[in-house]
Amino acid sequence: MQAKISEIFKSVQGEGIYQGIPQVFVRFFGCNLECAFCDTPLDSFKEMNIQEVSEQIYSYEDYHSITFTGGEPLLQVDFLTELTKELKIKGKELHLETNGTLHENLEKVIEYLDVIAMDFKLPSSTNSKAYWNEHGQFLRIARQRKVFIKAVIGKDTDIYDIHKSVILIKRFDPTLNLILQPQNPFERELEEKMCLFKQICRNANINARIIPQAHKVLGVK
Ligand code: SF4
């Protein structure tokens, strides 16, 4: 069995509640969405088998956990399931970064995952259709593991999408963390908007945090 892999590398986690910890990243090629703000290089890949991927992972030392990212890793779920099964036997901690739309594929692999970082794709941020139903179905399954939610906030992000996010989180688990991630960590004009959105969450007793992408600030991969 082979998968299309964009890259495998070791770095520090730049996003979310695990920001700053050393991880090995396996970036899967391809995505089922087209977010307006996407800056993921999705133009090249290498066909690799399970042994080739796991050997490259084992070549790294001194890391906390392994993150599967993309693109959308769940598009290649059969490979991901086999790979995570093998890595779990070796005692590795496994994290998944996902756009939170492919719940049926998540169900196939969730038993081998420890942490799920799922996106809420706010239509006013992505300039695309809404995925509230998909996110709800995904969250219902993801809650079996440690999960947090990330939403990218840009200058066009609408307050309505924050209210929708709050409603969804309250319906499934009001204790979940919502990470508000500025699309551009250097854009000062976003500060007021970020604070307003955080306050909306606080008023609804949802734990929201503003966390910019550290790797962009630090200039690392
Ligand atoms: S889900 Fe992620 S990889 Fe896919 S288009 Fe959106 S930002 Fe890019």
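Thresholds applied
- Counting restarts for each chain, with residues numbered from 1 along the sequence as it is written.
- At least 70 in pLDDT is required for a residue's local features to be given in this predicted model, at least 80 for side-chain atom pairs to be given and counted, and no such filter applies to totals for whole chains, interfaces and linings, which use all residues.
- As a rule here, side-chain values come from all non-hydrogen atoms in the structure, and water together with hydrogens is ignored.
- A helix here means a DSSP run of H or I that spans at least four residues, while a strand means a run of E at least two residues long, and both kinds are numbered starting from the N terminus.
- Within these notes, the globule rule equals 2.2 Å times the number of residues to the 0.38 power, and the radius of gyration is based on C-alpha atoms.
- For every residue, the accessible area obtained with a 1.4 Å probe (protein chains only) is divided by the maximum for its type, and the residue is called buried under 20%, exposed over 50%, and partly exposed between those limits.
- Two residues form a contact once any of their heavy atoms are found within 4.5 Å.
- Using a 1.4 Å probe, the Shrake-Rupley method yields the accessible areas, and only the shown protein chains count as cover for residues.
- Note: two strands are recorded as paired if DSSP finds a minimum of 2 bridges between them.
- A clockwise course of the path from the first strand over the helix to the second, judged with the strands pointing away from the viewer, identifies a crossover as right-handed.
- Lines are fitted to the C-alpha atoms to define the axes, a helix being fitted only along its stretch in contact, and any angle between axes, read from their N-to-C directions, falls within 0 to 180 degrees.
- Each angle gets one of four labels, with under 35 degrees taken as roughly parallel, over 145 as roughly antiparallel, 65 to 115 as roughly perpendicular, and the rest as oblique.
- Two helices that cross are described as forming a left-handed crossing if the nearer one is turned anticlockwise from the farther one by less than a right angle, and a right-handed crossing if clockwise.
- The residue classification treats Ala, Val, Leu, Ile, Met, Phe, Trp, Tyr, Cys and Pro as nonpolar and Asp, Glu, Lys and Arg as charged. All others, Gly included, are polar.
- Grid points spaced at 1 Å and placed over the protein atoms alone form the basis of the search, with a cavity being a set where a 1.4 Å probe fits but cannot get out and a pocket an open set showing protein on both sides within 12 Å along at least five of seven lines. Lining residues have an atom within 4 Å of a point.
- Grid points are joined across faces, edges and corners, and a volume is the space filled by probe spheres set on the points.
- Nonpolar core, defined: a set of buried Ala, Val, Leu, Ile, Met, Phe, Trp, Tyr and Cys residues in which side-chain atoms within 4.5 Å join the residues together.
- Pairing of aromatic rings covers Phe, Tyr and Trp, the last counted by its six-membered ring, and requires centre-to-centre distances within 6.5 Å; plane angles under 30 degrees mean stacked, over 60 mean edge-to-face, and any other angle means tilted.

> So what exactly am I meant to see when it comes to the overall build of the protein here?
Per the secondary structure count, the protein includes eight helices and nine strands. The C-alpha radius of gyration computed for the protein amounts to 17 Å, which stays within 12% of the reference 17 Å derived for 221 residues, consistent with globular compactness. Counting across all 221 residues of the protein, residues that qualify as buried make up 53%. At a minimum sequence separation of 6, the contacts of the protein that also span at least 24 residues come to 75%. Taken as a whole, the protein presents about 10,700 Å² of accessible surface, with 46% of it coming from carbon and sulfur.

> Would you explain the pairing of strand S4 (residues 65-69) in this entry?
Every regular strand shows the same layout, with side chains that alternate between the two sheet faces. Most of S4 sits inside the fold, with five of its five residues counted as buried. Here S4 shows no split at all, with Ser 65, Thr 67 and Thr 69 on one side and Ile 66 and Phe 68 on the other all buried. Note that strand S2 (residues 22-28) and S4 share five bridges and pair parallel. Paired with Arg 27 across the strands is Thr 69, a residue of S4. Pairing between S4 and strand S5 (residues 94-98): three bridges, direction parallel. Across the sheet, the residue bridging to Phe 68 is Leu 96, located in S5. Chirality of the crossover, the property in question, places the unit of S4, helix H2 (residues 77-89) and S5 among those that are right-handed.

> I tried to follow the packing of helix H5 (residues 132-142) against helix H6 (residues 159-172) on my own but got confused; where do I start?
Look at H5 against H6: their axes get within 10 Å of each other, and the N-to-C directions meet at 30°. Classified by the interaxial angle, the pair formed by H5 and H6 is roughly parallel. The crossing of H5 and H6 is right-handed. Across the interface between the two elements, Trp 132, His 135, Gly 136, Leu 139 and Arg 140 from H5 touch Asp 161, Lys 164, Ser 165, Leu 168 and Phe 172 from H6. Taken together, the residues of the contact of H5 with H6 break down into four nonpolar, three polar and three charged.

> Even after reading the chapter, I still don't get empty space enclosed by the protein, so can you show me in this structure?
Empty pockets left among the atoms are what a rolling probe the size of a water molecule brings to light. Evaluated as defined, the whole model comprises three cavities of 30 Å³ or more. Taken as a whole, the largest cavity encloses approximately 120 Å³ of empty space. In this structure, the largest cavity is lined by 15 residues; those nearest its centre are Gln 13, Glu 15, Glu 97, Ala 117 and Phe 148. Counting residues per element, the ones that place at least two in the lining of the largest cavity are S5, strand S6 (115-119) and strand S7 (146-153).

> When you look at the nonpolar core in this model, what are you seeing that I'm missing?
A general trend in soluble globular proteins is that nonpolar side chains are found buried together. If you look at the biggest cluster of nonpolar residues, it comprises 55 residues, and the most contacted ones within it are Phe 68, Leu 106 and Phe 120. Setting aside residues no more than four positions away along its own chain, Phe 120 makes contact with Trp 132, His 135, Leu 139, Ile 149, Lys 150, Ala 151, Ser 165, Leu 168 and Ile 169. Of all hydrophobic cores here, the second largest spans six residues; its members include Val 115, Ala 117, Phe 148 and Ile 179.

> Honestly, the packing of aromatic side chains in this entry has me stumped. Any pointers?
The full count for this structure, using the stated rule, is six aromatic pairs. Summarising the aromatic geometry, the rings of Phe 28 and Phe 68 are spaced 6.4 Å apart at their centres and angled 65° between planes, so their arrangement reads as edge-to-face. With Phe 28 in strand S2 and Phe 68 in strand S4, this pair connects stretches of sequence that are 40 residues apart. By relative accessible area, Phe 68 is classed as buried at 0%. What links up through ring pairs into an aromatic cluster is the set Phe 28, Phe 68 and Phe 79.

> For this particular structure, what's the right way to read the environment of Phe 172?
With respect to the helices and strands, the residue Phe 172 is situated in helix H6. For Phe 172, a relative accessible area of 9% gives the class buried. Distance from Phe 172 to Arg 140, taken between C-alpha atoms, is 6.8 Å for residues 32 residues apart in sequence. Setting aside its immediate chain neighbours within four residues, Phe 172 contacts Gly 136, Leu 139, Arg 140 and Arg 143.

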